[in-house]
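# Analysis of the macromolecular model
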Amino acid sequence: MAVYLDHAATSPIRPEVLAAYTAALGVVGNPSSIHAAGQEARMLLEEGRERIARALGADAVEVVLTSGGTEAVNLGIKGLWWAALAADPRRRRILSTAAEHHAALDSVAWLERHEGAIVEHVPVDALGRMRLDALEAALAERGGEVALITMLHASNEVGTVQPVAEVAALAARHGIPVHVDAVASLGQLPIDFHALRVAALSVSAHKIGGPVGVGALLLARSAVVEPLLHGGSQQRGRSGTQDAAGAAAFGLAAELATASLPETAGRMAELRDRLVAGILASVPGAVLRGDPEAAGRLPGNAHLTFAGCEGDSLLFLLDGAGFAVSTGSACQAGVPEPSHVLLAMGVPEPEARGALRFTLGPETAEAEIEALLSALPPAVEQARRAGLAAARPLLGRRGELSAS
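Residues numbered from 1 in each chain as written. Predicted model: local features only at pLDDT ≥ 70, side-chain atom pairs only at ≥ 80, totals over all residues. Heavy atoms only, no water.

Moving on, we get to the environment of Thr 150. With respect to the secondary-structure elements, Thr 150 resides in strand β5 (residues 146–152). Judged by relative accessible area, which is 1%, Thr 150 ranks as buried. With near-sequence residues (within four places) excluded, Thr 150 lies in contact with Ile 77, Ile 94, Leu 95, Ser 96, Glu 100, Val 108 and His 179. (Helix = DSSP H or I, 4+ residues; strand = E, 2+ residues; numbered from the N terminus. Buried < 20%, exposed > 50% of the residue type's maximum accessible area, 1.4 Å probe, protein only. Contact = heavy atoms within 4.5 Å.)

Listed below in structure tokens is the structure:
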């Protein structure tokens with residue numbers, strides 16, 4: 001069986017969650033129906049919502065269930081922006097960074113193209129963290145025009161934890177709502193929605209051992225969003241028949257992921273540190289990206305670049321050796337591109353092309369880390385030879401350029 005080190009992309013569904021999910025799928029009834037079957041489904045739905053709320057420091061009424069993290073991010077960004085603009089037509093500006101997940105980047109770009117939003121990217125530092133000095137300067141100059149700030153809770157690529165509480169405090173001085181994409185953080189870091197004092201926060205079930213296709217937007221009681229979907233108003237800001245089985249599964253997954261978080265996160269951090277130290281000691285030219293300090297990084301994230309390599313080549317070599325990892329880069333129309341996150345951090349493009357992201361989960365074993373540390377150095381050497389060979393002109397037998 002392959003060594004799975006791509007938990008940031010999706011995590012294996014937990015056996016107990018799978019059992020609860022399949023049992024819930026057998027419940028027949030629309031949660032909005034008033035008959036007994038409908039009320040049984042409603043009970044499943046609301047119990048799941050309560051569990052999600054407790055795991056994230058929110059109230060159940062603040063949990064808007066969605067079809068996943070992408071929809072939650074879209075609703076948080078577009079819904080808050082439309083509501084702010086309706087309340088004050090001067091507020092058209094969105095502050096974010098160029099290092100966000102594509103769900104946020106594409107949402108703000110869509111608002112810019114189609115709705116007349118003004119998008120301003122606050123710079124990030126060399127670790128991938130939003131620069132508070134630049135944000136403060138932007139707010140001092142144009143705070144009255146800002147409809148929304150959207151940011152990550154922690155980088156899904158390089159793992160750097162973001163200064164959410166500080167950003168929320170700055171935004172509050174100007175009456176600006178903040179949306180936080182916490183999809184990568186759930187199950188890795190403690191999340192207390194009320195303590196953060198933000199307007200909205202997006203999460204997803206399949207990153208923590210839940211099913212794909214289930215997510216949530218935590219929406220503060222004081223926050224207002226314009227809905228993306230219309231036709232029933234079953235939830236605040238979202239219409240559509242609610243997924244009772246999905247809510248039940250997500251609720252259990254969130255409860256399990258947060259119940260033993262300090263121990264789980266501590267164990268993952270120890271394995272991550274062993275992995276990073278082993279790579280840096282055995283692979284010349286390897287560079288850790290993101291915050292090197294444990295407190296400033298997701299415990300399960302190890303993101304490195306390998307000089308002289310194409311990350312995709314290295315990924316395929318490791319895949320062939322039985323290791324599932326990620327480049328952490330976007331791939332547009334099948335053409336590999338360097339990570340937009342690394343470029344925003346100031347990493348030169350040739351170096352950014354050699355990126356690999358290893359992300360651990362609760363069940364990752366020490367033996368799997370040791371196996372990767374044995375397999376990685378020869379894979380890097382082979383990838384470097386392939387990269388150099390691709391860059392050289394073809395030579396004939398006597399050194400002449402070949403026409404083939």
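There is more to say, and it comes next.
We now examine the layout of surface pockets. When its volume is computed, the largest pocket comes out at roughly 820 Å³. Lining of the largest pocket is provided by 50 residues; of these, His 7, Ala 8, Ala 9, Val 183 and Lys 207 occupy positions nearest its centre. Residue assignment for the lining of the largest pocket shows that the elements contributing at least two residues are α1 (15–25), α3 (69–87), α4 (102–115), α11 (340–344) and β14 (355–359). Examining the composition of the lining of the largest pocket, we find that three residues originate from one element, α3, more than from any other. (1 Å grid on protein atoms, 1.4 Å probe; cavity = no way out; pocket = protein on both sides within 12 Å on 5 of 7 lines; lining within 4 Å. Points joined across faces, edges and corners; volume = space filled by probe spheres on them.)

Quick look at the side chain of Gln 162 now. Counting through the fold element by element, Gln 162 comes out in the loop between β5 and α6 (164–173). Those residues within four positions of Gln 162 in sequence are excluded, and the remaining contacts are Gly 128, Arg 129, Met 130, Met 151, Leu 152, His 153, Ala 154 and Ser 155.

Moving on, we get to the packing of aromatic side chains. Per the stated rule, a full pass over the model turns up one aromatic pair. Relative to Trp 110, the ring of Trp 82 lies with its centre 6.3 Å away and its plane at 90°, an arrangement referred to as edge-to-face. Of the two residues, Trp 82 sits in helix α3 while Trp 110 sits in helix α4, which places them 28 residues apart along the sequence. A relative accessible area of 28% means that Trp 110 is categorised as partly exposed. The ring of Trp 110 carries the charged tip of Lys 78 above its face, separated from the ring centre by 4.7 Å. (Phe/Tyr/Trp six-rings, centres within 6.5 Å; stacked < 30°, edge-to-face > 60°. Lys NZ or Arg CZ within 6 Å of the ring centre and 35° of its normal.)

None of this, on its own, says anything about what the molecule does.
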